[in-house]
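Next come the chains, spelled out residue by residue.
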Number of protein chains: 2
Amino acid sequence: MVRSAASLIRTHGVAATSFSEVVAASGAPRGSIYHYFPDGKDQLAADAIRWTSDRVLAHQRECAATSAAGVLECFIDMWRQVVLSSDGAQGCVVAGVAIDTYAREPGLIDIVRPTFRSWIDLLTEQLKAGGVAKARALPIATATVAGMEGALILCRAEGSSGPLETVAVELKRLLPPETTPARGRSGLATRG
Amino acid sequence: MVRSAASLIRTHGVAATSFSEVVAASGAPRGSIYHYFPDGKDQLAADAIRWTSDRVLAHQRECAATSAAGVLECFIDMWRQVVLSSDGAQGCVVAGVAIDTYAREPGLIDIVRPTFRSWIDLLTEQLKAGGVAKARALPIATATVAGMEGALILCRAEGSSGPLETVAVELKRLLPPETTPARGRSGLATRG
């Protein structure tokens, strides 16, 4: 049910995702959603964020890259697969909640904030391990998360992964020369 | 009414914006919204996108910058003012619609697509006029629009303009050295 909710929120935001749709998409019995999520849709959205973030962090931790460019490519490729598998229709569940939620309203935004921070922190540590100077790692990690979140929006508008590929190349240009492989692209297949 | 709709959509997405709220925020008589927007909320959202995009393009065209860094700073500063005036709560109405709308569904996404393209095209032309090579102008313009859209999401999570300032510095690093002012930042006041 959480997976179905994450998929629906990724596709059309949290406000437009109804309990009925989640029940229909998950195949769970109708009453069960009220049993598991007595606090309503915010609780379901919060669980969808946590479920997504756990997968994002696990994917990124399993990244075998030792170079800084490889670290960025791992993160980028995760979002590339989301875009390619949906022709651009799926975005990021955390952004979907962030955009549909009043900032400073306690609740969901308090789950969105540490989620983005945890992604930026992990990328920062991995970039440092990949040879990026401490003072450069955090800005590059922040630009990477922002760049991918924005690229997902443009991919959705275009119905293609073209904007993501363009942003990916630019993000890798931010790396110091010694940590950038000569090719600039890691050779993964791209579609556009 | 369109301005009120744009403001509400910027703050919490199109799905969570109701006709009632737009009427209340605009102070217009209740019946008038059905008179001016007989096709419903999609029409109101479409007009809010057009109204916003006209302002974005006008702001950017009035930009007096002659350097490529100045061109980026004009675009960035427009979004900085949106963030600062709302403590991060307001994002981009076009992204709000893009995230709440099924990609490939005819309708709103067909208005979102040319809107983002028109911003990227204008930035591309201005960057070329500012001395950026033709082959570099489009990728930098695309990364700038993606970077700002993503930064608005992170600013909303943080309730501050910190992520936007970080992304702004990184975007300017993409410019060729001869077009980047020595300071890297244009000296505008920033808040975190």
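Per chain, the residues get numbers from 1 upward, laid out in the order the sequence is written. The order in which chains are written sets their letters, starting at A; the order in which ligands are written sets their numbers, starting at 1. Residue-level local features of this predicted model are given only where pLDDT is at least 70; pairs of side-chain atoms are given and counted only at 80 or more, and the full residue set underlies all totals for whole chains, interfaces and linings. Side-chain figures throughout are based on the complete set of non-hydrogen atoms in the structure, without hydrogens or water.

### What to know about the overall build of chain A
Scanning chain A for helices and strands turns up 9 helices and 0 strands. For chain A, the residues scored as buried account for 58% of the 192 residues in total. Contacts are assigned to residue pairs that have any heavy atoms within 4.5 Å of one another. Considering only residue pairs separated by 6 or more positions, chain A has 64% of its internal contacts joining residues 24 or more positions apart. Methods summary: accessible areas were calculated by the Shrake-Rupley approach with a probe of 1.4 Å, and residue burial reflects only the protein chains presented. When the accessible area of chain A is evaluated, it comes to approximately 7,800 Å², of which 53% is carbon and sulfur surface. By the criteria applied, helices consist of DSSP H or I runs no shorter than four residues and strands consist of E runs no shorter than two, each listed in order from the N terminus. Buried means the residue's accessible area, taken with a 1.4 Å probe over protein chains only, is under 20% of the maximum for its type, while exposed means over 50%, and partly exposed covers the values in between.

### Observations concerning the packing of helix α5 (residues 68-84) of chain B against helix α7 (residues 109-129) of chain B
Residues and elements named next belong to chain B. An axis is simply a line fitted to the C-alpha atoms; with a helix, the fit covers only the stretch in contact. Between two such axes, the angle follows the N-to-C directions and lies from 0 to 180 degrees. Running from N to C, α5 and α7 point in directions that differ by 150°, and their axes come no closer than 8 Å. In terms of orientation, α5 lies roughly antiparallel with respect to α7. In this structure, α5 uses Ala68, Val71, Leu72, Phe75 and Trp79 to contact α7, whose residues at the interface are Trp119, Leu123, Gln126 and Leu127. Think of it as three bins: nonpolar holds Ala, Val, Leu, Ile, Met, Phe, Trp, Tyr, Cys and Pro, charged holds Asp, Glu, Lys and Arg, and polar takes everything else, Gly as well. When the residues that make up the contact of α5 with α7 are grouped by side-chain class, the tally is 8 nonpolar, 1 polar and no charged. Roughly parallel means an angle under 35 degrees; roughly antiparallel, over 145; roughly perpendicular, 65 to 115; everything else is oblique.

### What to know about the relation of the copies chain A and chain B
Copy-to-copy alignment: least squares on C-alpha atoms, limited to residues at pLDDT 70 or above in both. Expressed as a screw transformation, the operator carrying chain A onto chain B has a rotation angle of 180° and an axial translation of 0.0 Å, and the superposed copies differ by an RMSD of 0.0 Å. Read as a symmetry element, the transformation amounts to a two-fold axis. Looking at the interface residues of chain A, 100% of them are also at the interface in chain B, so both copies use one shared face.

### Details of helix α6 (residues 93-100) of chain A
For α6(A), the tally of buried residues reaches 8 of 8 residues, placing the bulk of the element in the interior. Those residues of α6(A) not exposed but buried are A:Val93, A:Val94, A:Ala95, A:Gly96, A:Val97, A:Ala98, A:Ile99 and A:Asp100.

### Quick look at the confidence of the model for chain A
A low pLDDT score tells you not to read the predicted coordinates there in detail. Residues and elements named next belong to chain A. Chain-level pLDDT for chain A is 84 on average; 88% of the residues reach the 70-or-more range. For every residue, the pLDDT score states the predictor's confidence, bounded by 0 at the bottom and 100 at the top. Note on residues 179-192: pLDDT under 50 across the span, and 28 contacts to partners over four residues away in sequence or across chains. Under the prediction, the complex receives an ipTM of 0.85, its pTM being 0.86.

### Considerations on the packing of helix α4 (residues 41-61) of chain A against helix α5 (residues 68-84) of chain A
Residues and elements named next belong to chain A. Look at α4 against α5: their axes get within 9 Å of each other, and the N-to-C directions meet at 140°. By the angle between their axes, α4 is oblique relative to α5. Crossing hand, α4 versus α5: right-handed. When α4 is examined against α5, the residues Val56, His59 and Gln60 are found in contact with a partner set consisting of Val71, Cys74, Phe75, Met78 and Trp79. Looking at side-chain class alone, the contact of α4 with α5 contains 6 nonpolar, 2 polar and no charged residues. What makes a crossing left-handed is the near helix being turned counterclockwise from the far one by less than a right angle; a clockwise turn instead makes it right-handed.

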